[in-house]
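Coordinate analysis (summary)
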Amino acid sequence: MDNTPRPLIAGNWKMHGSNAFAAELAGSLSDKVSNAGHNSFDMLLCPPAPLMGSTLAAIGAASIALGGQDCHSAEQGAHTGDISAGMLADAGCSYVIVGHSERRADHGETDDVVMGKAAAAQTAGLAPIVCVGETLDQRDAGEAIEVVTSQVVGSVPDGSSAGTIVIAYEPVWAIGTGRTPTAVDIEKVHGAIRSAIDGVIGNPGQVRLLYGGSVKAGNAEEILALENVNGALVGGASLKAEEFWAIAQAC
Ligand code: PGA
């Protein structure tokens, strides 16, 4: 029996789109997923919060999940501009990205903060997608594996198990740049993450480890075939239905 986790192809729209855009993109993907019948992957769309209603409406009955791009660690309270995990669940989400490097950099999010968000997500019944990744300076200094594994250990809540957490390796220098690590480097880091979660997460072999950073239709097949790569977190290329669908088809 094939024991590898079912791949997850996640689209992170970041701060892009409009209701009309969401309706068109999610509608087109919904048609593709439904027409394909049986798919060998799970698809997830993470639009900006105000576009969730139109995205969900366009998904309709298709088997596509909805996710947030961030959440607060508190259940509710005086946190102007923030969104709780419970609100995301109420809006129809089943996942939420936490600790994306853009949040770590723009909002000073530490591993502790990310762990709090991931725990809040789990309490609300969402699977957090915990993002980790080294900067170019850290890679050049030979510290990539140390940095990434320490982020994993520092950001994953106690008591997590394969069904309640997803981890995404996204080298900061590969995001939106068109550059990707070599296949060997991706396998090295994913292998190190898999070892790091052994003993930290229940059923570690079944945890989905996504790769993210300049995934495109042209490199998806090679990346998704690598050992310990169980899907992709896609930014820019998830904003075009044909390109995102081609990435999913590479599973
Ligand atoms: P990219 O972004 O695919 O545009 O590089 C990935 C991400 O930041 O999740």
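You'll find the structure just up there.
Residues numbered from 1 in each chain as written. Predicted model: local features only at pLDDT ≥ 70, side-chain atom pairs only at ≥ 80, totals over all residues. Heavy atoms only, no water.

**Details of unusual backbone geometry**
In the Ramachandran plot, N203 falls in the positive-phi region, its phi being about 55° despite a non-glycine side chain. Within the fold, N203 resides in the loop between α8 (183–197) and β7 (208–212). Positive phi is not limited to glycine here, since N228 has a value of about 65°. Its place among the elements puts N228 in the loop between α9 (217–224) and β8 (231–234). Accessibility expressed as a relative area gives 21% for N228, which makes it partly exposed. (Helix = DSSP H or I, 4+ residues; strand = E, 2+ residues; numbered from the N terminus. Buried < 20%, exposed > 50% of the residue type's maximum accessible area, 1.4 Å probe, protein only.)

**A few points about the environment of G218**
Inspection of the secondary structure puts G218 in helix α9. For the pair formed by G218 and G199, sequence separation is 19 residues and the distance between their alpha carbons is 36 Å.

**Brief notes about the packing of helix α1 (residues 19–36) against helix α2 (residues 52–59)**
For any two helices packed against each other, the geometry comes down to the angle between their axes and how far apart the axes lie. For the pair α1 and α2, interaxial distance at closest approach is 8 Å and the crossing angle is 25°. Relative to α2, the element α1 is oriented roughly parallel. You can see that α1 and α2 cross each other, and the crossing is right-handed. Along the contact surface, α1 presents N19, A22, A23, A26, G27 and S30, while α2 presents S54, T55, A58 and I59. (Axes fitted to C-alpha atoms, helices over the stretch in contact; angles between N-to-C directions. Parallel < 35°, antiparallel > 145°, perpendicular 65-115°, else oblique. Left-handed = near helix turned anticlockwise from the far one by under 90°. Contact = heavy atoms within 4.5 Å.)

**Brief notes about the sheet that holds strand β4 (residues 95–98)**
Pairing in this closed barrel of eight strands is parallel, and the strands run β1-β2-β3-β4-β5-β6-β7-β8 around the ring. Within the sheet, the average angular offset between the axes of one strand and its neighbour, ignoring direction, is 25°. Relative to β8, β7 runs parallel, the two being bridged by two bridges. When the sheet's bridge partners are listed, Y211 is paired in β8 with A232. The strands touched by α2 within the sheet are β2 (42–46) and β3 (64–68), with β3 carrying the most contacts at an inclination of about 170°. (Pairing = 2+ DSSP bridges.)

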